[in-house]
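Geometric and topological summary
The residues making up each chain are set out below.
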Amino acid sequence: MFALFGRLFYLQILESDKYQDAAISIQSRDVVTPAVRGAITDINGVPMVVDLPGLVVLINRIELDKQQDKGVSVLSKVANLFGLEYSDIYQRTRLCGELPRDNRAGCWNGTRYQPIPLIGNASQDLALRIMENADLYTGVEVQSVPIRSYPSLENENVAHVLGYVGAVTDEDLKNPEVNYYRNEVVGKSGLEVQYNQFLRGTPGVRTFLVNRKEVVTKQNKNIQAIAGNNLITNIDAKLQAGVEKSLAAAVQRARASGFRGDSGAAIVLEIKTGRVLAMASYPTYDPTIWQKGLTVKQAQDLFSETKGVPALSRPLQGLFAPASTFKAISVVAAADAGYSLNTSYNCPAFVEIGTRTFKNFGSVGAGRIPLDLGLAISCDSLWYQMAYDEWVRDGGLRPKSSPSDYFFKAAKAFSIGVLTGIDLPSELKGRLPDRQWKQNWYEQNKDFYCNYKDRAKKADLTPYLIEIARENCLDGDKIRAGDAVNFSIGQGDTLVTPLRLAQIYAAIANDGVYYKPQVARAIVDVDGKIVKEFKPEIADTIKIEQSTWDFLHRGLRMVVTKGTAAGVFAGFPVEVSGKTGTAQVFGRNPNGSPKDDTSWFAGYGPTADPQYAVVMMVSQGGFGASTSGLGVRNIFETLFGVTGGRVDPEKAIFPNGVPTTIAKIDLKKVAKKVDLTKVNGGGVKKK
Amino acid sequence: MSQSVKYRSANRGAFGGFDKLLLLAVGGLLVMGTLLVYAGTREWFRSYGLDPEYYLKRHSLNIIIGGLLAYGTTLIDYRLLRAYTPIVWLAAVIGLVIVLIPGFGTEINGARAWISLPGGFQLQPAELAKIAIIVGMSMVLADREQTDKDPTDLDVVKALAIAAVPILLIVAQPDLGTVLIISAAVVAMIGASGAPARWVVGLLLAAIVGVFAAVQTGAVSQYQVARLQSFVDPSADPQATGYQLRQSRITIGSGGFLGKGLFEGPQTNGRFVPEQQTDFIFTVAGEELGFVGSSLILALYSLLFIRAFSICRRSSDLFGRLVCIGVIAWFAFQTFENIGMTMGLMPMTGVPLPFLSYGGSSMFANLIGVGLLQNVHARSR
């Protein structure tokens with residue numbers, strides 16, 4: 001009896017609160033209405049993605065599994081109705097865990113208890129067919145839900161920047177900070193995930209009390225959904241469309257010249273704020289596929305090597321050697337090391353360093369030339385000599401205890417090898433191959449190189465590779481002469497993202513003031529009230545002699561007037577500056593062919609009062625000037641409104657400068673103007 | 001002595017010779033049980049469009065029949081019990097055999113414990129067997145009292161034989177809960193009879209070994225092992241037995257100090273606890289009457305046991321004392337087992353709560369048990 005009393009006291013007095021909560025959760029059912037997700041607009045308030053009402057066809061796995069044939073007949077009816085492949089529908093209605101590891105493309109990464117969206121935007125006709133024949137389509141549901149729609153009013157694609165949304169995962173549900181509901185969508189990549197907390201809004205919840213048979217006995221509470229806030233970005237949709245077009249054209253140009261041209265990136269930054277005005281990645285994909293219901297093939301294509309992995313956002317995830325665009329940084333290193341920027345240097349056809357011969361680009365010398373001209377014509381050999389001399393001064397293979405490392409220091413000053421901190425997820429940081437990096441690299445690889453004959457593949461046992469392995473084993477932990485020489489011209493192990501290079505050139509144009517790249521401009525609520533404003537942030541200020549900046553401005557202008565980019569910028573009516581880059585790439589394509597050069601152009605303009613930094617990169621695109629240089633020229637044409645060699649201020653993207661006020665958004669106007677079926681049926685615009 | 005007893009039996013008024021506090025405790029429990037059975041089934045039947053008073057009516061009928069049986073028991077002459085007991089015992093054994101025959105016995109929750117009767121009534125012979133065993137064993141063990149001798153080993157063996165036949169039949173159903181309750185009564189009675197102490201120790205050891213062996217050899221069905229396992233780890237089988245135990249605990253716990261009010265318990269009205277009018281009737285009290293009401297029920301049981309114990313002590317002969325001890329052990333063990341189960345103290349064995357749970361056979365047996373106590377009381381000094 002005492003035991004019973006004690007237990008009763010424990011359950012009903014001491015632990016009562018816990019059991020009260022447990023009882024409420026047993027008795028109540030929440031019906032969640034997802035909030036309308038906020039729109040993402042461009043700098044002028046033009047929506048690039050917006051929730052519009054649409055009909056969704058959902059599959060209820062619990063219902064299907066109860067059927068005798070596990071839903072086979074129902075799914076094939078659905079396949080027939082919508083003209084889809086049965087195997088495709090089958091795959092998309094499987095949980096990822098149900099499929100073999102190597103065949104999961106398109107699988108459902110939610111749970112069995114969530115309805116699986118199959119058709120993102122069904123026509124009314126077909127939806128009605130399902131609703132009227134509910135007994136034939138057991139387990140198939142039609143719902144009217146807000147659909148993430150891409151109006152593409154300026155023909156922009158912006159897929160990589162916007163990102164996409166998807167069903168909440170178990171991970172999300174476990175997040176202690178946010179109370180997600182099963183039937184919500186959450187941001188998965190790009191701005192959608194970066195600013196998810198603002199865009200999401202608050203789902204509406206109606207709570208019902210039910211009995212054990214799930215019969216509703218009464219409604220307990222009713223919380224209305226609160227629409228998400230809108231995100232205004234710094235992207236200009238029209239400029240973005242132009243940049244995307246120029247990038248695609250550059251890739252096509254590279255391919256037409258016999259290069260592989262597998263991918264590319266282009267970025268426009270506002271120099272004095274760090275705002276990202278446009279950012280394009282090639283190849284891209286149709287952002288509406290996520291909402292229409294990703295087919296298995298589409299899912300595979302997104303990550304397919306032969307399709308160029310369209311899911312990658314090259315501006316912040318593509319890592320490439322900067323090649324000659326790096327020479328601007330070498331100028332800073334040279335000035336720091338005490339070299340005069342105003343004298344002439346020898347630019348021979350090649351420089352012999354130890355047993356190796358380092359050739360100038362094209363194997364032709366230019367004789368003794370002033371340094372600015374050397375920068376303009378992109379002489380390599382003058383840097384070889386300078387870098388080698390400095391390497392020797394630092395002690396060569398037996399480095400001094402505190403070497404000067406002018407080149408590494410300059411690269412470090414420009415933040416190579418660290419993140420830019422752009423407000424987009426999954427940025428890669430690049431690589432600064434300095435002494436420390438080399439040491440780490442050696443620790444990880446010496447076993448391989450010192451036992452190369454045992455470790456390497458048969459095909460790699462060529463005398464040349466064996467010799468390299470021997471050298472790597474011997475002194476792979478040291479910066480060797482070749483490393484120092486290669487570093488000075490942006491080759492070797494140095495890697496940057498196109499975004500980082502754009503930021504570097506913006507900083508050069510801005511006399512060393514380094515802004516953090518910023519895509520978001522402001523969060524505004526549905527009434528247009530500003531919830532949060534993203535002010536420009538100075539990330540760093542590079543302090544060097546003003547004369548060095550002046551030299552760089554002069555030299556980078558000369559690139560366009562009499563240097564490597566003079567041809568492609570001939571007759572351009574606005575004074576702009578820049579630098580070409582043609583990076584050698586080691587490694588092979590999947591088909592065994594050696595990789596083509598990376599084509600770079602990093603520029604800014606107008607030269608006298610720099611506003612915009614523009615960078616284009618085409619992977620395996622061939623020469624810097626003809627592929628990317630021309631691409632950047634095209635972007636400048638769009639920016640300044642250049643047609644037929646003349647500036648038409650009316651056609652400029654920002655005739656009155658980049659807007660300083662935060663735009664007003666009128667989504668109703670958009671909703672009226674946009675025919676939803678066309679919006680989601682449109683896809684990537686073919687030009 | 002026996003003359004005077006007969007005199008008291010014959011000449012008392014309707015309740016004159018009864019222990020009134022015992023009567024009060026039983027009456028109080030019956031009233032509470034009736035309310036709880038009603039509260040536990042009202043909304044459930046209403047949601048099906050059935051008569052919400054269905055269980056109330058049947059439960060009341062059971063109490064009336066049980067009450068008459070109890071009253072009858074108090075009237076039986078002590079000496080006549082000797083004549084009736086073999087008949088009751090035989091009836092119980094026959095009933096226990098019948099339930100095992102397919103076609104006659106009804107299987108509910110994995111145990112063949114019921115005989116279906118016309119009109120939707122069901123009989124549970126095991127309940128009857130409890131009475132037969134207690135009275136039968138008392139007779140054998142008290143046989144030598146006139147010669148002032150303690151029971152011999154042979155008497156104990158005879159007594160155990162009386163218990164063993166029904167127990168083995170109940171094991172075959174299988175209904176482990178009832179077996180445990182009867183075993184508790186058997187051990188208590190042998191202990192109180194003055195029989196050699198080695199029997200008590202031996203029986204306790206045998207019980208422990210027996211339970212262990214039954215689980216190990218698979219003589220106990222999977223469903224019973226599952227029930228025991230879900231007691232140790234309630235999350236082991238959340239949808240079946242673990243579910244019941246979890247729901248039961250939540251329902252009691254959510255009642256708090258004052259409870260949700262009679263008929264107002266959302267867990268009860270939503271029918272989240274299965275078998276709530278029978279084995280889980282205590283959860284209705286826990287949720288709707290809270291700590292206060294549940295404590296009142298425990299207090300009524302305490303009063304019942306205290307009074308019953310005092311009857312034992314005042315009993316004039318060994319027979320009366322043994323019957324009394326047997327009935328107390330039965331009631332106390334069953335009550336502890338049932339309430340302990342609803343609160344997660346004891347494993348789930350599926351025994352009803354005496355006087356509160358709905359169920360005819362059990363109600364009849366309980367009230368006959370009370371009748372026996374009152375009969376002993378009437379003979380006491």
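What you see is a predicted model, and the numbers here were worked out from it, not measured in a lab.

With that settled, the discussion passes to the overall build of chain B. For chain B, the count of helices and strands is 14 helices and three strands. Expressed as a percentage of its 381 residues, the buried residues of chain B come to 54%. A total accessible area of about 15600 Å² is found for chain B, and carbon and sulfur atoms account for 69% of it.

Time to look at the overall build of chain A. Each helix and strand in chain A was counted, giving 27 helices and 25 strands. Taking all 687 residues of chain A together, the buried fraction comes to 54%. Nonlocal contacts in chain A, meaning residues at least 24 apart in sequence, comprise 71% of its contacts between residues at least 6 apart. For chain A, the accessible surface area stands at approximately 31000 Å², while carbon and sulfur atoms represent 52% of it.

Let us look at helix H4 (residues 72-82) of chain A. Residue and element names in this part refer to chain A. Listed in full, the buried residues belonging to H4 are Val74, Leu75, Val78, Ala79, Leu81 and Phe82. End-on view of H4: buried residues confined to an arc of 165 degrees, all on one side of the axis. The elements touched by buried residues of H4 are strand S3 (47-59), helix H3 (61-66), helix H5 (86-92), strand S4 (116-119), helix H6 (124-132) and strand S5 (140-149). Immediately beyond the C-terminal end of H4, within one or two residues, lies Gly83, with a positive phi of roughly 65 degrees.

Counting 96 residues, the largest nonpolar core has Met137(B) and Phe355(B) as its most contacted members. It is helix H12 (residues 281-314) of chain B that provides the largest number of residues to this core, a total of 15 residues. Ignoring any residue separated from it by four or fewer positions in sequence, one finds Phe355(B) in contact with Val26(B), Leu29(B), Leu30(B), Gly33(B), Tyr301(B), Leu304(B), Phe331(B), Met363(B), Asn366(B), Leu367(B) and Val370(B). Grouped together as the second largest cluster of nonpolar side chains are 89 residues, Val158(A), Ile267(A), Ile416(A) and Ala509(A) included.

Time to look at the interface of chain B and chain A. Taken together, the 38 residues of chain B in the interface contact 21 residues of chain A. Summed over both partners, the interface of chain B with chain A buries about 2500 Å², with 70% contributed by carbon and sulfur atoms. Put simply, chain B and chain A have seven residue pairs in polar contact (both at pLDDT 80 or more) between them. In terms of residues, the side of chain B that touches chain A owes the most to one element, H12(B), which gives 12 residues.

So, on to the side chain of Gln247(B). Inspection of the secondary structure assignment puts Gln247(B) in helix H10 (residues 241-253). At a separation of 3.2 Å, a polar atom in the side chain of Gln247(B) contacts the side chain of Gln267(B). Apart from the residues within four sequence positions on either side, Gln247(B) is in contact with Ile26(A), Gln267(B), Phe272(B) and Val273(B).

Next up on the list: the environment of Met131(A). Residues and elements named next belong to chain A. Mapped onto the elements, Met131 comes out in helix H6. Residue classification places Met131 among the partly exposed residues on the basis of a relative accessible area of 48%. Considering only alpha carbons, one finds Met131 and Val142, 11 residues apart in sequence, at a separation of 6.9 Å.

This part covers the confidence of the model for chain B. In this model, chain B carries an average pLDDT of 83, and 86% of its residues clear a pLDDT of 70 or more. Across residues 1-15 of chain B the pLDDT falls below 50, and counting only partners more than four positions away or on other chains, this stretch makes 15 contacts in the model.

Our focus in this paragraph is the pattern of salt bridges. Residue and element names in this part refer to chain A. Scanning all chains against the criterion turns up 32 salt bridges over all chains. A salt bridge links Lys446 to Glu443, with the shortest nitrogen-to-oxygen separation between them at 4.0 Å. Note that Lys446 and Glu443 are positioned in helix H19 (residues 435-450) at a spacing of three residues, about one turn of the helix. The exposure class of Glu443 is partly exposed, given its relative accessible area of 45%. Ionic pairing is found between Arg633 and Glu637, a salt bridge with its closest N-O pair at 3.0 Å. With Arg633 and Glu637 both in helix H25 (residues 624-640) and four residues apart, the pair spans about one turn of that helix. Several salt bridges share partner residues, and in doing so they unite Arg37, Asp51, Arg148 and Glu192 into one network.

With that out of the way, let us pick up the sheet that holds strand S11 (residues 263-270) of chain A. Residues and elements named next belong to chain A. Taken in spatial order, the five strands line up as S12-S11-S23-S22-S21 in an open sheet, and their pairing is antiparallel. Of all the strands in the sheet, just strand S12 (276-282) and strand S21 (577-583) have a single pairing partner and so form its edges. Taken pair by pair, the neighbouring strands of this sheet meet at an average axis angle of 5 degrees, ignoring direction. Bridge analysis of strand S22 (residues 598-605) against strand S23 (residues 612-619) gives seven bridges, and the strand direction is antiparallel. Counterpart to Ser599 in the pairing with S23 is Val618.

We now examine the side chain of Glu270(A). Residue and element names in this part refer to chain A. Along the chain, Glu270 turns up in strand S11. Glu270 gets classed as buried once you look at its relative accessible area, which sits at 9%. Separated by 2.5 Å, the side chains of Glu270 and Thr273 make a polar contact. With residues near it in sequence (within four places) discarded, Glu270 still touches Arg275, Leu277, Gln611 and Val658.

Scanning the entire structure with this criterion turns up four disulfides over all chains. Each sulfur in the disulfide pair Cys347(A) and Cys379(A) lies 2.1 Å from the other. Because the torsion about its S-S bond is 115 degrees, the bridge between Cys347(A) and Cys379(A) counts as right-handed. Of this pair, Cys347(A) sits in strand S13 (residues 344-347) while Cys379(A) sits in the loop between helix H16 (371-376) and helix H17 (381-393), placing them 32 residues apart in sequence. Cys347(A) gets classed as buried once you look at its relative accessible area, which sits at 0%. A sulfur-sulfur separation of 2.0 Å characterises the disulfide bridge that pairs Cys312(B) with Cys324(B). Measuring the twist about the S-S bond at about -95 degrees, one finds the Cys312(B)-Cys324(B) disulfide to be left-handed.

Residues and elements named next belong to chain B. Relative orientation of the contacting elements helix H3 (residues 54-75) and helix H14 (residues 360-379) amounts to 30 degrees, with a least axis distance of 8 Å. The angle between H3 and H14 places the two elements in the roughly parallel class. Here H3 runs over H14; the crossing is right-handed. Side by side, H3 and H14 meet where His59, Asn62, Ile63, Ile65, Gly66, Gly67, Leu69, Ala70, Thr73 and Thr74 of the first sit next to Gly360, Met363, Phe364, Leu367, Ile368, Gly371, Leu372, Gln374 and Asn375 of the second. Residues of the contact of H3 with H14, tallied by class, amount to nine nonpolar, 10 polar and no charged.

Taken together, the side chains of Phe9(A), Tyr10(A) and Leu14(A) make up a nonpolar region of the molecular surface, amounting to roughly 290 Å² of accessible area. Here Leu14(A) shows up in helix H1 (residues 2-14).

Thresholds applied
Residues numbered from 1 in each chain as written. Chains lettered and ligands numbered in written order. Predicted model: local features only at pLDDT ≥ 70, side-chain atom pairs only at ≥ 80, totals over all residues. Heavy atoms only, no water. Helix = DSSP H or I, 4+ residues; strand = E, 2+ residues; numbered from the N terminus. Buried < 20%, exposed > 50% of the residue type's maximum accessible area, 1.4 Å probe, protein only. Areas by Shrake-Rupley, 256 points an atom, 1.4 Å probe, with all protein chains shown as cover. Contact = heavy atoms within 4.5 Å. Arc of directions from axis to C-beta. Core = buried A, V, L, I, M, F, W, Y, C linked by side-chain atoms within 4.5 Å. Buried area = accessible area lost by both parts, 1.4 Å probe. Polar contact = N/O pair within 3.5 Å; in protein donor to acceptor, adjacent residues only side chain to side chain. pLDDT = per-residue confidence, 0-100. Salt bridge = Lys/Arg side-chain N within 4 Å of Asp/Glu carboxyl O. Pairing = 2+ DSSP bridges. Axes fitted to C-alpha atoms, helices over the stretch in contact; angles between N-to-C directions. Disulfide = S-S within 2.5 Å. Parallel < 35°, antiparallel > 145°, perpendicular 65-115°, else oblique. Left-handed = near helix turned anticlockwise from the far one by under 90°. Nonpolar A, V, L, I, M, F, W, Y, C, P; charged D, E, K, R; others polar. Patch = residues over 30% accessible without salt bridge, like charges linked within 9 Å, V, L, I, M, F, W, Y side chains within 5 Å.

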